[in-house]
Amino acid sequence: VQLQASGGGLVQAGGSLRLSCAASGRTFRTYKVGWFRQAPEKEREFVAALKWDGGATYYADSVKDRFTISRDFAKNTVYLQMNSLKPDDTAIYYCATTRHAITSSIPYSRSYDNWGPGTEVTVSS
């Protein structure tokens, strides 16, 4: 499955953005879809993930209660709604998929074997 992330941009602190991860080539069925981010000179970190089948969701503590991951079956797209954005949320955001990761390994980027190009999010103070 080919992934395309979009929706990034420049926003003021406290604002909102919605990122999209669209799949082409096949559906997300049977996949887990994760969002990760990487800020300059920092390690890539887990943000959120969703099991396409069943809809279970997982969040990093740093974004819980501010970000929401969701799916649209008709559009074969996973969204990341980001509210109350902070300058620390500035990063390139990537979506990725895995079929075989067990639940405990969902937050780890090494569990994902398919990555899309990132979309840049900049939050100004």
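Residues numbered from 1 in each chain as written. Predicted model: local features only at pLDDT ≥ 70, side-chain atom pairs only at ≥ 80, totals over all residues. Heavy atoms only, no water.

**Quick word on the nonpolar core**
When a protein is soluble and globular, its nonpolar side chains tend to lie buried together.
Part 1: By size, the foremost hydrophobic cluster in this structure holds 34 residues, and its most contacted members are Trp35, Leu80, Met82 and Tyr93.
Part 2: Mapped by element, the contributors of at least two residues to this core are β1 (2–6), β3 (17–24), β4 (32–38), β5 (45–51), β7 (67–72), β8 (77–82), β9 (91–98) and β11 (119–124).
Part 3: The biggest single contributor to this core is β5, with five residues. (Core = buried A, V, L, I, M, F, W, Y, C linked by side-chain atoms within 4.5 Å. Buried < 20%, exposed > 50% of the residue type's maximum accessible area, 1.4 Å probe, protein only. Helix = DSSP H or I, 4+ residues; strand = E, 2+ residues; numbered from the N terminus.)

**With respect to the side chain of Asp89**
Part 1: Counting through the fold element by element, Asp89 comes out in the loop between β8 and β9.
Part 2: Asp89 gets classed as buried once you look at its relative accessible area, which sits at 1%.
Part 3: In terms of polar contacts, Asp89 uses its side chain to reach the side chain of Arg66, at 2.8 Å.
Part 4: At 2.8 Å, the side chain of Asp89 and the backbone nitrogen of Lys86 are in polar contact.
Part 5: Setting aside chain neighbours within four positions, we find Asp89 in contact with Arg37, Arg66, Phe67, Ser84, Val121 and Val123. (Polar contact = N/O pair within 3.5 Å; in protein donor to acceptor, adjacent residues only side chain to side chain. Contact = heavy atoms within 4.5 Å.)

**Points about the side chain of Arg66**
Part 1: Here Arg66 lies in the loop between β6 (57–59) and β7.
Part 2: Under the relative-accessibility criterion, Arg66 is labelled buried at 11%.
Part 3: A polar atom in the side chain of Arg66 sits 2.9 Å from the backbone oxygen of Ser62.
Part 4: If we ignore the near neighbours within four places in the chain, the residues touching Arg66 are Gln81, Met82, Asn83, Ser84, Leu85, Lys86 and Asp89.

**Description of the sheet that holds β8**
Part 1: The four strands are arranged β1-β3-β8-β7 in an open sheet whose pairing can be described as antiparallel. Edge positions in the sheet fall to β1 and β7, since each has one partner strand and no second. Adjacent strand axes in the sheet meet at a mean angle of 15° when their direction is disregarded.
Part 2: Where β1 and β3 come together, five bridges link them in antiparallel fashion. By the bridge assignment for β3, Ala5 is matched with Cys21. (Pairing = 2+ DSSP bridges. Axes fitted to C-alpha atoms, helices over the stretch in contact; angles between N-to-C directions.)

**Comments concerning the packing of aromatic side chains**
Part 1: Summed over all chains, the structure comprises seven aromatic pairs.
Part 2: Judged by centre distance (6.4 Å) and plane angle (75°), the ring pair of Tyr94 and Trp115 falls under edge-to-face. Remark: Trp115 occurs in strand β10 (residues 114–115) and Tyr94 occurs in strand β9; sequence separation between them is 21 residues.
Part 3: For Trp115, a relative accessible area of 28% puts it in the partly exposed group.
Part 4: The structure contains a cluster of three or more aromatic residues connected by ring pairs, namely Phe36, Phe46, Tyr94, Tyr112 and Trp115.
Part 5: Above the face of the Tyr79 ring, Arg18 is positioned so that its terminal group lies 4.0 Å from the ring centre.
Part 6: The ring of Tyr31 carries the charged tip of Arg99 above its face, separated from the ring centre by 5.2 Å. (Phe/Tyr/Trp six-rings, centres within 6.5 Å; stacked < 30°, edge-to-face > 60°. Lys NZ or Arg CZ within 6 Å of the ring centre and 35° of its normal.)

**Structural notes on the pattern of salt bridges**
Part 1: Evaluation of the coordinates by the stated rule reveals four salt bridges.
Part 2: Between Asp61 and Lys64 there is a salt bridge, and its shortest N-O distance comes to 3.1 Å.
Part 3: Given a relative accessible area of 40%, Lys64 falls into the partly exposed group.
Part 4: The closest approach of N and O atoms between Arg66 and Asp89, which form a salt bridge, is 2.8 Å. Note that Arg66 is positioned in the loop between β6 and β7 and Asp89 in the loop between β8 and β9, a separation of 23 residues in sequence.
Part 5: Salt bridges linked by common partners bring Arg37, Glu45, Arg66 and Asp89 together as one network. (Salt bridge = Lys/Arg side-chain N within 4 Å of Asp/Glu carboxyl O.)

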